[in-house]
Amino acid sequence: MKALITGISGQDGSYLAEFLLEKGYEVYGLVRRSANPNYWRIEHILDKIRLVEGDLLDQASLNEVVSRIKPDEVYNLAAQSFVGLSWNQPEYTTEVNGLGALRLLEAIKNFCPRARFYQASTSEMFGGTNTVPQNEGTQFCPKSPYGISKLYAHHITLNYRESYGLFAVSGILFNHESPRRGEEFVTRKITRAVGRIKLGLQDRLELGNLEPKRDWGHAKDYVVAMWLMLQSPQPKDYVVGTGETHSVKEFVQKAFEVAGLDWSKHVVVSDKLYRPAEVYHLVADPSKIKKELGWQPTYSFEQLVKEMVEADLELAKKEV
């Protein structure tokens, strides 16, 4: 089995690559040409995977890669994935997240229509919905350029499934974290700061709104859900999450507690870090994927936070 992963150097792509290698796949990763490639998440498996050059902004490159490799499975994980940045770069976010998915679907339709396609959708598409918890039937109401761009990709994936008979599915994944999360994301920003504060490398952590609640799981669990969706007899979309919700403030408290610190002595709330439009309550109803595909999360919220803090404590020690 051959799998093509876009975004292989990101958090989800790196865990998915490891998982598929264990399953015996030939793993190909789509990467953009760069003078300074950021491969730290996949350094340990570079000799086991095959990197191919291509870009979601360039149709010809995707056509060439798909026609040459002829993958059995394609996982579209590449994205401008930071919600906050999407307000500053809405056009780029839409080009990559929305039209990038369309270009990849076009390449599959024209050059490898038997390939099974996974689109990384997001709980941010639910945005300001009043329905709690959110499942596959919940109305979408995105509140950011990021959420809107992902909603386009979600709908075009469904359209290609219905119009061209492609095995194309979307996983509506709720927040999932790990020690490999980018430092621009609030969870990693918190745990990175905890490690540095513990070792005296910084004194305070500046955050925005502490009240929003999210359904946080571990990325390792969520890549298994992606794979299970492409093994299903019928192409279906699934919501993936833990079914539990925790506020940003709870994450902060737990992270500082792991390091034996009092969060209130170090955290400063700044109005300038508030989003133009905030999403306050996202929590998954993952009953469909649990029932139909047998997926279960294995990490608790406490285990996730502990693993992230401990990893960032080790990272901070290297800075001392």
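Conventions and cut-offs
- Residues numbered from 1 in each chain as written.
- Predicted model: local features only at pLDDT ≥ 70, side-chain atom pairs only at ≥ 80, totals over all residues.
- Heavy atoms only, no water.
- Pairing = 2+ DSSP bridges.
- Helix = DSSP H or I, 4+ residues; strand = E, 2+ residues; numbered from the N terminus.
- Axes fitted to C-alpha atoms, helices over the stretch in contact; angles between N-to-C directions.
- Contact = heavy atoms within 4.5 Å.
- Buried < 20%, exposed > 50% of the residue type's maximum accessible area, 1.4 Å probe, protein only.
- Lys, Arg positive; Asp, Glu negative; His and termini not counted.
- Salt bridge = Lys/Arg side-chain N within 4 Å of Asp/Glu carboxyl O.
- Polar contact = N/O pair within 3.5 Å; in protein donor to acceptor, adjacent residues only side chain to side chain.
- Core = buried A, V, L, I, M, F, W, Y, C linked by side-chain atoms within 4.5 Å.
- Expected span 1.5 Å × (residues − 1).
- Phe/Tyr/Trp six-rings, centres within 6.5 Å; stacked < 30°, edge-to-face > 60°.
- Lys NZ or Arg CZ within 6 Å of the ring centre and 35° of its normal.
- Bend = angle between axes of the 7 residues up to and from the residue.
- pLDDT = per-residue confidence, 0-100.

Asks: I keep staring at the sheet that holds strand E3 (residues 50-53) and nothing clicks. Help me out?
Replies: Sheet strands associate in pairs through backbone hydrogen bonding, adopting either a parallel or an antiparallel arrangement. As summarised here, the arrangement of the seven strands in space is E3-E2-E1-E4-E5-E6-E11, forming an open sheet in which the pairing is parallel. The open sheet is flanked by E3 and strand E11 (238-240), the only strands paired with a single partner. Here the strands of the sheet are splayed against their neighbours by 25° on average, with no regard to which way each runs. For strand E2 (residues 26-31) and E3, the ladder comprises four bridges, and the chain directions are parallel. Opposite leucine 30, over in E3, you have valine 52 as the bridge partner. Lying over the sheet, helix H1 (residues 11-22) contacts strand E1 (2-6), E2 and strand E4 (73-76), oriented at roughly 170° with respect to E1.

Asks: How should I be thinking about the side chain of aspartate 215 in this particular structure?
Replies: Locating aspartate 215 in the fold gives a position in the loop between strand E9 (213-214) and strand E10 (217-218). Buried and unpaired, aspartate 215 has lysine 290 as its nearest opposite-charge partner, separated by 8.7 Å. Only 2.6 Å separates the side chain of aspartate 215 from the side chain of threonine 242, close enough to count as a polar contact. One polar contact links the side chain of aspartate 215 to the main-chain amide nitrogen of glycine 243, over a distance of 2.9 Å. Apart from the residues lying within four places of it in its own chain, the contact partners of aspartate 215 are Phe174, Asn175, Tyr222, Gly241, Thr242, Gly243, Glu244, Leu282, Val283 and Ala284.

Asks: What is the right way to read the nonpolar core from this model?
Replies: Generally speaking, soluble globular proteins have nonpolar side chains that are buried together. Ile5, Leu20, Tyr75, Tyr118 and Met229 are the most contacted members of the largest nonpolar core, which totals 35 residues. Put simply, the parts of the chain that give this core at least two residues each are E1, H1, E2, strand E5 (116-122), strand E6 (167-173), helix H7 (219-231), E11 and helix H9 (287-293). Among the elements that line this core, the one with the most residues is H7, at nine residues. Apart from the residues lying within four places of it in its own chain, the contact partners of tyrosine 118 are Val74, Tyr75, Asn76, Leu77, Val169, Ser170, Gly171, Leu173, Met226, Met229 and Leu230. Within the second largest apolar cluster, 22 residues are counted, among which are Leu30, Leu62, Ile69 and Leu105.

Asks: How do you make sense of H7 when you look at a structure like this?
Replies: In an α-helix, one full turn covers 3.6 residues, which means residues spaced three or four apart are oriented alike. Given a rise of 1.5 Å per residue, 13 residues ought to cover 18 Å, and the 19 Å separating the end C-alpha atoms of H7 matches this to within 8%. Most of H7 is tucked away, with 10 of its 13 residues classed as buried.

Asks: Would you explain the packing of aromatic side chains in this entry?
Replies: Geometry of an aromatic ring pair is reported as the spacing of the ring centres plus the angle between the planes. Per the stated rule, a full pass over the model turns up 10 aromatic pairs. Taking 6.1 Å as the distance between ring centres and 45° as the angle between the ring planes, the aromatic pair formed by tyrosine 75 and tyrosine 118 counts as tilted. Remark: tyrosine 118 occurs in strand E5 and tyrosine 75 occurs in strand E4; sequence separation between them is 43 residues. Residue classification places tyrosine 75 among the buried residues on the basis of a relative accessible area of 0%. Tyrosine 118 gets classed as buried once you look at its relative accessible area, which sits at 0%. Seen in terms of ring centroids, phenylalanine 126 and phenylalanine 140 are 5.2 Å apart; in terms of plane orientation they differ by 25°. Their pairing is stacked. Note that phenylalanine 126 is positioned in the loop between E5 and helix H5 (145-164) and phenylalanine 140 in the loop between E5 and H5, a separation of 14 residues in sequence. Looking at phenylalanine 126, the relative accessible area reads 0%, which means it is buried. By the ring-pair criterion, three or more aromatic residues cluster together here, those being Phe126, Phe140 and Phe174. We note lysine 109 situated over the ring of tyrosine 164; from NZ or CZ to the ring centre the distance is 4.8 Å.

Asks: Looking at this model, I keep getting lost on the pairing of E4. Mind explaining?
Replies: The two faces of a sheet get side chains in turn, since along a regular strand they alternate between them. The alternating pattern of E4 places Glu73 and Tyr75 on one face and Val74 and Asn76 on the opposite face, and all of these are buried. In the sheet, E4 pairs with E5 via four bridges, with the strands oriented parallel. Each bridged residue has a counterpart across the sheet, and for valine 74 the counterpart in E5 is phenylalanine 117.

Asks: Just checking my understanding: could you explain helix H4 (residues 90-111) for this structure?
Replies: An ideal rise of 1.5 Å per residue puts 32 Å on 22 residues; H4 measures up with 30 Å between its terminal C-alpha atoms. At leucine 99, H4 is deflected by roughly 35°, the largest bend along its length. Of the positions making up H4, those classed as buried are Thr93, Val96, Asn97, Gly98, Gly100, Ala101, Arg103, Leu104, Leu105, Ala107 and Ile108.

Asks: Would you mind showing me how to read the confidence of the model for the protein chain here?
Replies: Keep in mind that low pLDDT regions are not for reading the predicted coordinates in detail. Mean pLDDT over the protein chain: 96, with 99% of residues reaching 70 or higher. For the protein chain, the element scoring lowest by mean pLDDT is helix H3 (residues 83-88), at 89; E4 scores highest, at 99.

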